[in-house]
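For reference, the chains in residue letters:
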Amino acid sequence: MAALLYRHGHVLETVTVPHRGLDRGAIQNLTQASDDWAACQQVLERSEAASYNESGRFILTSLGRELLFDMFGSGAADCA
């Protein structure tokens, strides 16, 4: 997920900050640009590592932010 975000002009804070997130247009662009995004999104949602905030934007949950930090280390999810 992190690599896909970076390749398409997003930063990790886009999905780690609860009031930000990916809007439907950004998700659609990622889905069209990469065959891997839909599967990644589905895994994140089913595992409850990602959800949608009150604005309908795709974000990582506390679990997702914790996993991101564990995988990429200090600085990757400073806002977690």
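Whatever comes next refers back to the structure up there.
On a predicted model such as this, the values are computed, not experimentally measured, just so you know.

1. Overview of the nonpolar core
Piece 1. Leu5, Val15, Leu22, Trp37, Leu44, Phe58 and Leu60 are the most contacted members of the largest nonpolar core, which totals 17 residues.
Piece 2. Elements supplying a minimum of two residues to this core: α1 (2-7), α3 (24-33), α4 (35-46) and β2 (58-60).
Piece 3. In this structure Leu22 touches Leu5, His10, Thr14, Val15, Ile27, Leu30, Trp37, Gly56, Arg57 and Phe58, once residues within four positions along its chain are discounted.

2. Observations concerning unusual backbone geometry
Piece 1. In the Ramachandran plot, Glu48 falls in the positive-phi region, its phi being about 65° despite a non-glycine side chain.
Piece 2. Topologically, Glu48 is positioned in the loop between α4 and β1 (50-52).

3. Brief notes about α3
Piece 1. The complete set of buried residues in α3 reads Ala26, Ile27 and Leu30. Taken around the axis of α3, the buried residues stretch over an arc of 100°, which confines them to a single face. Away from its buried face by more than 90 degrees, α3 exposes Arg24 and Gln32.
Piece 2. Tucked into the core, α3 has its buried residues touching α1, α4, β1 and β2.
Piece 3. Two or three places before Gly25, at the opening of α3, Asp23 has a side-chain oxygen 3.2 Å from that residue's backbone nitrogen.

4. Some words on the packing of aromatic side chains
Piece 1. In this structure the tally under the stated criterion is two aromatic pairs.
Piece 2. A ring pair is formed by Trp37 and Phe58, whose centres lie 6.0 Å apart and whose planes are at 75°; its orientation type is edge-to-face. Highlighted residues: Trp37 in helix α4 and Phe58 in strand β2, separated in sequence by 21 residues. Neither Trp37 nor Phe58 differs from the other in exposure class; each is buried.

5. Structural notes on α4
Piece 1. Buried within α4 we find Trp37, Cys40, Gln41 and Leu44. Projected onto a plane normal to the axis of α4, the buried residues spread over an arc of 100° and lie on a single side. Structural note: α4 exposes Asp35, Val43 and Arg46 on the side pointing more than 90 degrees away from its buried face.
Piece 2. Where α4 starts, the residue carrying a side-chain oxygen 3.1 Å from the main-chain nitrogen of Asp36 turns out to be Ser34.
Piece 3. Of the residues trailing α4, Glu48 is marked for its positive phi of about 65°.

6. Some points on a nonpolar patch on the surface
Piece 1. A contiguous nonpolar surface patch, about 410 Å² in accessible area, is contributed by Leu63, Leu67, Met71 and Phe72.
Piece 2. Within the secondary structure layout, Leu67 lies in helix α5 (residues 62-72).
Piece 3. Among the residues examined, Leu67 registers a relative accessible area of 41% and is labelled partly exposed.

So, how was this worked out
- Residues numbered from 1 in each chain as written.
- Predicted model: local features only at pLDDT ≥ 70, side-chain atom pairs only at ≥ 80, totals over all residues.
- Heavy atoms only, no water.
- Core = buried A, V, L, I, M, F, W, Y, C linked by side-chain atoms within 4.5 Å.
- Buried < 20%, exposed > 50% of the residue type's maximum accessible area, 1.4 Å probe, protein only.
- Helix = DSSP H or I, 4+ residues; strand = E, 2+ residues; numbered from the N terminus.
- Contact = heavy atoms within 4.5 Å.
- Arc of directions from axis to C-beta.
- Polar contact = N/O pair within 3.5 Å; in protein donor to acceptor, adjacent residues only side chain to side chain.
- Phe/Tyr/Trp six-rings, centres within 6.5 Å; stacked < 30°, edge-to-face > 60°.
- Patch = residues over 30% accessible without salt bridge, like charges linked within 9 Å, V, L, I, M, F, W, Y side chains within 5 Å.
- Areas by Shrake-Rupley, 256 points an atom, 1.4 Å probe, with all protein chains shown as cover.
- Salt bridge = Lys/Arg side-chain N within 4 Å of Asp/Glu carboxyl O.

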